[in-house]
Structures are given as C-alpha cells and as structure tokens.
Amino acid sequence: MFGLRMCKRNRLSFIRALVILICLCVVVLLLKNAGNSRVENLELDDIFTKEAVLYNRQTTKGNDIVPRKETASINAKPVQLNNIKPIQSNNIKPIQSNNNKPIAKLDKYGNLADLRETVKFLNSKQYILNVRKFPKRSKDSVVIVVQVHKRSNYLLKLIDSLRKAKGISDALLIISHDYYASEINNIIQGIDFCQVLQIFFPYSEQLYPDKFPGSDPNDCPRDMSRSQARAMGCINAEHPDKYGHYREVKFTMTKHHWWWKANRVFKELQATKNHNGLVLLLEEDHCVAPDFYEVLKKAYHVKKTDTKCQEYGCNIITLGDYKTVTNFQTVGSQVLQIQPWRSTENNMGMAFDREMWTDITKCREMFCTYDDYNWDWTLMRISLRCLQKQLTVLLFLAPRVFHLGTCGLHHKDRDCNIQTVLAQVQEVIDRSKAVLDPASLEIEVARPWIPGHIGQANGGWGDTRDHELCLNFTKSTD
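Calculation notes
Think of each chain on its own: its residues are numbered from 1, step by step along the sequence as written. Given that this is a predicted model, residues contribute local features only at a pLDDT of at least 70 and side-chain atom pairs are listed and counted only at 80 or more, while totals for whole chains, interfaces and linings are drawn from all residues. By convention in this description, side-chain values take in all heavy atoms of the structure and omit both hydrogens and water. UniProt positions are given in the numbering used here, feature names are shortened, and annotations may be inferred rather than shown by experiment. Numbering of helices and strands runs from the N terminus, with a helix taken as a DSSP run of H or I at least four residues long and a strand as a DSSP run of E at least two residues long. Accessibility here uses a 1.4 Å probe with only protein chains present; expressed as a share of the type maximum, an area under 20% marks a residue as buried, one over 50% as exposed, and anything in between as partly exposed. Should any heavy atoms of two residues lie within 4.5 Å, those residues are counted as being in contact. Between N or O atoms, a polar contact is any pair within 3.5 Å; within protein, one atom must be a potential hydrogen donor and the other a potential acceptor, and residues adjacent in sequence are included only when both atoms are from side chains. To form a nonpolar core, buried Ala, Val, Leu, Ile, Met, Phe, Trp, Tyr and Cys residues must be joined to one another through side-chain atoms within 4.5 Å. Using a 1 Å grid laid over the protein atoms alone, points where a 1.4 Å probe fits but cannot get out form a cavity; open sets with protein on both sides within 12 Å along at least 5 of 7 lines form a pocket; any residue with an atom within 4 Å of a point counts as lining. Grid points are joined across faces, edges and corners, and a volume is the space filled by probe spheres set on the points. Residues are sorted three ways: Asp, Glu, Lys and Arg are charged, Ala, Val, Leu, Ile, Met, Phe, Trp, Tyr, Cys and Pro are nonpolar, and all the rest, Gly among them, are polar. Pairing of aromatic side chains requires ring centres within 6.5 Å, counting the rings of Phe and Tyr and the six-membered ring of Trp. Pairs whose planes differ by under 30 degrees are stacked, by over 60 edge-to-face, and all others tilted. Put simply, a charge is over a ring when the Lys NZ or the Arg CZ is close to the ring centre, within 6 Å, and near the line of the ring normal, within 35 degrees.

Under an unreviewed UniProt entry, the name given to the chain is Alpha-1,6-mannosyl-glycoprotein 2-beta-N-acetylglucosaminyltransferase, and the source organism is Paramuricea clavata. What UniProt states about the chain under its Cofactor (unreviewed entry) heading is, verbatim, "Mn(2+)".

Structure follows, in structure tokens:
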C-alpha cells in the first residue's frame, strides 16, 4: 500500500510539472509573437506612427512594392530621438500668420547635430507609408511631389483636397520638407489614401542656422557696399549680386530646395529613379480639383500621341493658372492649349517626365549660376538661352490646381484668410461639377503665338557658395 501511494504521488508531481512546462512554453511563444509584431510594424518613435516599408532594390518590382521578409528593427538607429525632442519652454509660442492663425508649431531643438543626423537617417532609409494598404501602382501612376515649409494650415487643406481626388490611391505622394516639425510630421503620417514618402532637405536654414547655407555671423550684411565689405573682411565680400546686395538666406533656400528635391526624385530615390512617367510638382499652399489626377493622366496620353504635341513639343503640362476662372463650362473643362511656357504664368502645378528633366539638367551650369533666386525665372532663362527650343506648355484652360497662399514669400495681400480663398475655390468647383472629369480632351494652339521673353534678373544669387552647392546637387543629394 505504501508503494502504491508513492507511485500515485510521483504521478501527480509529474503531471503538475508538465502543466507548468506547457504554460511556460505558451508564455514564451506569446512574447515572441508580440516582439515580431513590433518589428513588422516598423514604428519610429515620434516620427513614424504607422506601418512603413523600407524601400530598396530587393523590395521593388516595377511600381509594385514587396514588403521585405527580413525587417530590421528601426529602433536600431544612430540617433536617440530623445536627444532631439523640442525644448520645453513657456516662452516658445507658435508663429502667427497675418490673420492670427497658427502656421506651425516651431519646435526648437537643443542638439542640431543630432537633428541633422536624424534627417540624414530618414533620407537614407526612404520609408514608404501605406504600402500594405496600396501595394501596387499602375504603369501610368503619377508621382506627386509637394514642397513643404511650415504652414500647416495650408498643408491640411491641400491634403484634404488630395484625399477627395478620383484615382489618388494609385499615386506616390512625396513630401519634401525644409523644416522638421512634429506638427508637420503628424499631419503627413495621418495620410491614408495612397503611398507616402517623406524626404528632408538636408541643407536647410533650420539645420544650419549659424553657418552656410544658413547665415554665417561673418557673412556680409545685405546692403553693405563692396568697399565696406572688403574693409570689414566678411566672407562673401567679393560676391554680391548684380544689384550690389549680399545673399539673404530666406530667398536662396527656395531655389536650393526646388533643385535638390527634383534631383533626388529623378536620380536617387529607389521608388522613383526608374520612373519614366509624370512627376507633378505642388506646394503646400495649393489645392486640387477632384478630377485633377484623372485628367492629368489623360493629358499625358495626349502629349505622347497627338500630332500637335509632336510638332510643338508640349514639354510641360500645367494644371494651374493665375487667371480667375469662375466656371469650367465657359472656358471648356476638356480644353488644353499649347503655348510658350512662361515662368510668371505657368509655374503652378507643373508636371513633366524624365525626358524633360534630362534636358533641364544639361543646363545645370546656367541654372546654378544665373543671378536670380527664383527657380522659375531661372528655368525661363534656360528655356530661351540654353535649350535647343523654347519650352512649350500644355495648359488646362479650366485649372485643376489652385493657389490658396495669398500670404507668402511673394504674396503680401492684406486679406490672408485661407477660409475666404478656399470658399471661393470650392464655389468654382461646385459650379463646375457637371463638367469635371471629361471623357476626352481637346487640344488647341494658342493664337496669336507670343514667344516668351526674359525679364530683368531678380538677383539674390551672386554668392559663389550658392553656385557650388547647387551644382553639387546634380552629383549627389545626400
């Protein structure tokens, strides 16, 4: 009897041990799966809060993106983001626009070296958001590149208009920043209607506030004479612009950023460097009509197949127009007009392909040294003095891109209320709903045909350091 009791006791102990072992195994498996889930989500603290895919040669197949099977944890990054958190201070207030609407939360960072490294890290990784939701893009997919500064109120309106556009899920939306701010990042990471890629201009004034390309303390003051500058011994004393003024950072940055982003998109981003279709350039203070994406693809087909375009070129498709149009039906929602491209009229919502970009880069020396801080006026110079033929534009008479930014670098209107301008645009769109997204497009040639002309250069681009930096972007955008 004693031996039988011992046997039963041993058997119960064995069963308890087995149950404990099974429970431990279940716990280990649950922890392992949770860890794998965190890695697959590819979350980046305070920067990326939704799924992203690391874009490289192994993850691409045409316009399709294949998520990598081996995904390294992006917590293994060179910079601890805690080091670049904004400085908390009761004295830091959001910048205000003229109608007292916040432009953006202007974060201040205690360690600029860390911030520069973070920007470099993000640019190198090229995270694509929403890939699992939109894994494929068609062969006619349009790459949309938006140049963004820090006017979050305008940016929100642009994104809202993009969200409502027919066919937008087929696009790749690239946001090119020249200012790193948590508020702007949060807005971009909230986009859920197409693939999204953020790139950051690595030579911005924010990243270099006290040395070139920002403002070096030893730079010459704008209005100082050359003789005074020589006596002072400031850095750029020998290189004022054609009007005798020395460089102003806020003006040079826009041209640098435009040239950098275009070179990066066409040459170095894994997602786009082999893209041969259209690239559409927008800015943060634009908004789009609901049919802009579909009619743009139709216009590109016309450009490639219509005999008039074969004769005149149709180098650029422009969706925007500064002329007031109150009803699409009146001007012709389906009408495209071929005319000489003019920098002051046809620079809003420009779209072109790799062939056009290749021609522009052949004139890189002129682009980077012409004494005008405006990228569009410089492009006009290239059109008339460098290219074999003047650029022509395929212009929508009924615009599909609208300018909301009545306050900005060149626009100082007293009435800067974004809601007022937006309401006017919405009224035009509502009035024109019946003629949006036409089944086909018609082409006409502008009559009379008035060639473009070069106005007086605006200056602001005489410093040889700007020339050298600009030329370097054609070699590398890192």
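Structure's up, so let's keep going.
### Some words on the UniProt feature "binding site: substrate" (unreviewed entry) in the chain
Summarizing the sequence annotation, UniProt attributes the feature "binding site: substrate" (unreviewed entry) to Q147, V148, H149, K150, R151 and D178 in the numbering used throughout. The annotated residues occupy 32 residues of the chain but converge on a single region, no pair of C-alpha atoms lying more than 11.5 Å apart. For H149, the position within the fold is in the loop between β5 (143-148) and α3 (152-163). Residue H149 is classed as partly exposed on the basis of its relative accessible area of 33%. Discounting residues that sit within four places of it in the chain, H149 has contacts with D178, Y179 and E284. A polar contact of 2.7 Å, which involves the side chain of H149, links it to the side chain of D178. With respect to the helices and strands, the residue D178 is situated in the loop between β6 (172-177) and α4 (182-189).

### A short note on the nonpolar core
Judged by nonpolar contacts, the single largest core of 48 residues is most densely connected at I144 and F292. The greatest single-element share of this core, amounting to 7 residues, is contributed by helix α7 (residues 292-305).

### Remarks on empty space enclosed by the protein
Here the structure, examined in full by the defined rule, presents 3 cavities of 30 Å³ or more. A volume near 50 Å³ is recorded for the largest cavity. Residue lining of the largest cavity: W258, K261, L281, L282, E283, H286, N347, G349 and W375, and that is the complete set. Elements that contribute at least two residues to the lining of the largest cavity include exactly α6 (249-268) and β8 (279-283). Of all the elements, β8 adds the most residues to the lining of the largest cavity, at 3 residues. Here the residues of the lining of the largest cavity are counted per class, giving 4 nonpolar, 3 polar and 2 charged.

### Brief notes about the packing of aromatic side chains
Under the criterion given, the structure shown has 16 aromatic pairs. Between Y203 and Y208, the ring centres sit 6.2 Å apart and the planes meet at 10°, which makes this aromatic pair stacked. Pairwise contacts between aromatic rings join W258, W259, F266, F352, W357, F367 and W375 into one cluster. Over the aromatic face of Y154 sits the side chain of R151, whose NZ or CZ is 4.9 Å from the ring centroid. Across the ring face of W461, the terminal group of K255 is positioned such that the distance to the ring centre comes to 4.3 Å.

### Description of the UniProt feature "binding site: Mn(2+)" (unreviewed entry) in the chain
UniProt records the feature "binding site: Mn(2+)" (unreviewed entry) for D285 and H403 in the present numbering. Considering the C-alpha atoms alone, the annotated residues occupy 119 residues of sequence yet fold into one spot, their largest mutual distance being 6.2 Å. When you line up the elements, D285 lands in the loop between β8 and β9 (286-288). Once residues within four sequence positions are removed from consideration, D285 is found in contact with R151, Y154, F402, H403, L404 and G405. At a separation of 2.9 Å, a polar atom in the side chain of H403 contacts the side chain of D285.

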